[in-house]
2 protein chains.
Amino acid sequence: MLQPNWKHGTQSFVNDEAAWVVTRSDILFRNPHLEVRDETVLIPGKDRPRRWTVVGRKKAVVVAPITTEGRFVLIHQARIPVRRWLWEFPAGQVDESRTPSAEQLRQTVLRELAEEAGYELTTDGDLTYLGHYFPSQGFTDEENHLFVAKPVRENQVGFQPEHAEAISQHKEFTLDELRSMIANSEIQDANTLALFARMVAAGIVR
Amino acid sequence: MLQPNWKHGTQSFVNDEAAWVVTRSDILFRNPHLEVRDETVLIPGKDRPRRWTVVGRKKAVVVAPITTEGRFVLIHQARIPVRRWLWEFPAGQVDESRTPSAEQLRQTVLRELAEEAGYELTTDGDLTYLGHYFPSQGFTDEENHLFVAKPVRENQVGFQPEHAEAISQHKEFTLDELRSMIANSEIQDANTLALFARMVAAGIVR
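Calculation rules
Residues numbered from 1 in each chain as written. Chains lettered and ligands numbered in written order. Predicted model: local features only at pLDDT ≥ 70, side-chain atom pairs only at ≥ 80, totals over all residues. Pairing = 2+ DSSP bridges. Helix = DSSP H or I, 4+ residues; strand = E, 2+ residues; numbered from the N terminus. Axes fitted to C-alpha atoms, helices over the stretch in contact; angles between N-to-C directions. Domains from an automatic or database assignment. Contact = placed C-beta atoms within 7 Å. Least-squares fit on C-alpha atoms with pLDDT ≥ 70 in both. Buried ≥ 20, exposed ≤ 12 C-beta atoms within 10 Å, placed from the backbone.

Peer 1: Please clarify how the sheet that holds strand β2 (residues 34-42) of chain A should be interpreted in this entry.
Peer 2: The pairing of strands in a sheet comes from backbone hydrogen bonds and takes either a parallel or an antiparallel form. Residue and element names in this part refer to chain A. On the basis of which strands lie adjacent, the open sheet formed by three strands has the order β1-β2-β3 and antiparallel pairing. Every interior strand has two partners, whereas the edge strands, β1 (21-31) and β3 (50-56), have only one. Across the sheet, the mean angle from the axis of one strand to that of its neighbour is 20°, orientation sign disregarded. In terms of strand pairing, β2 meets β3 through seven bridges, oriented antiparallel.

So, in structure tokens, the structure goes:
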């Protein structure tokens, strides 16, 4: 797995999670989807303890499926919190644990690719890991892992979103179309934007 | 303000927020930072009502400050929910209202640019709006508005983060450095990644 490189950190210890001392963590609210905690934390390099509201969430994966022809597979999904139907890369939460293994992440990617889009890796296809990102780092511990699946093809089953999902369709877009949808704000979700940024920076798309 | 273009939506009504009927919205938990709601919603184009946990949050702005020399100003901020010090573009919540005006967004951008980084627009500088995005659209209504401030310069005051903020420093990075920090996962927040994606797609950076 790709490891972050902290060369710009002026204090090398600051991204050692063990250096963050949580002196208090009280659960204020919990349901199957999230957990609101009131925490007091000692930040490495700072003297004064800080009190913060933190929302705990499961980790997730996001996948950019790219076909042999270089097209990107997006799904059209109803997103209740923002009252929108959005075009997005397939994504899903990791059920298994708070610190999923590389293999659990990989299996979740392949599952979501099949369920949400009806696609699969070709026999010579592979997943490329592009690191994680934090959707809203001042508010929640949610952490999403980014993958490219290439090349992909439609599977024999077709897309079969879970009962709980509201996905109307999937569609293949060229790179020019994807870039245009990002430029004109038709792509509005952090998952797709973050994965596009990493693909550009890594030279996977230009 | 830039308006989204929904040309890829197959049902033109689906992104009319008024078409989403909220039949029930009960507050399960609330503090000054967030509000957890249990909602029942009729999704446009779907028959069955859906029940969902939604976390309400203030809207926010993010700004990519670019100097006359083409360098990007990032701040180094302690992010308690993820136990990390992160390099990020300056960002902040909009205090005023749930539907901020363009001027309120603009004033928040200039305030955060000054407070978090100690920078200001030059006399011939301007803000460019690059649309909004949703950090975690399956979970929260949080909506962040993206801006480029160009050109910027250090102000006379220096950076003065609020009492509540934990910002250790700011630093200017070249485009090559920024791209490298994105590629190697040193940049880990949705704000910076989403804004980079929009700048690339809009041809502001290459």
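So that's the structure; there's more coming.
Peer 1: Help me understand the domain arrangement of chain A, please; the structure alone is not making it clear to me.
Peer 2: Size of an interface: often given as the accessible area lost when the parts come together. For chain A, the domain assignment lists domain 1 (12-56) and domain 2 (60-201). Each of domain 1 of chain A and domain 2 of chain A has a C-alpha centre, and the two are 29 Å apart.

Peer 1: Please explain the environment of Val 109 of chain A as it appears in this structure.
Peer 2: Residue and element names in this part refer to chain A. Here Val 109 lies in helix α1 (residues 102-117). Along the chain, Val 109 and Phe 173 lie 64 residues apart, while their C-alpha atoms are 20 Å from each other. Excluding residues that lie within four positions of it along the chain, Val 109 makes contacts with Val 61, Val 63, Leu 127, Phe 147 and Ala 149.

Peer 1: Help me understand the relation of the copies chain B and chain A in this model?
Peer 2: In this structure, two copies of a chain are linked by a rotation about an axis accompanied by a shift along it. Of the two same-sequence chains, chain B is brought onto chain A (RMSD 0.0 Å, axial shift 0.0 Å) by a rotation of 180°. Such a combination of rotation and displacement between the chain copies is what one expects of a two-fold axis. A shared interface surface links the copies, since 100% of the contact residues of chain B are contact residues in chain A too.

Peer 1: Can you help me understand the pairing of strand β5 (residues 72-79) of chain B in this one?
Peer 2: Look at any regular strand and the pattern is simple: side chains alternate between the two faces of the sheet. All names here are of chain B. For β5, the tally of buried residues reaches seven of eight residues, placing the bulk of the element in the interior. Pairing of β5 with strand β10 (residues 167-173) involves six bridges; the strand directions are antiparallel. Bridge pairing links Ile 75 to His 170 in β10. Sheet topology places β5 next to strand β6 (residues 84-88); five bridges connect them, and they run antiparallel. Of the residues in β6, the one forming a bridge with His 76 is Trp 87. Counting the residues between successive antiparallel strands, the hairpin from β5 to β6 contains four residues, one of them, Arg 83, with a positive phi of roughly 55°.

Peer 1: Mind showing me how you'd approach the sheet that holds strand β1 (residues 21-31) of chain B here?
Peer 2: All names here are of chain B. In space, the three strands of this open sheet follow the order β1-β2-β3, with antiparallel pairing throughout. Since the sheet does not close on itself, it has two edges, and those belong to β1 and β3 (50-56), each with one partner. Within the sheet, the average angular offset between the axes of one strand and its neighbour, ignoring direction, is 20°.

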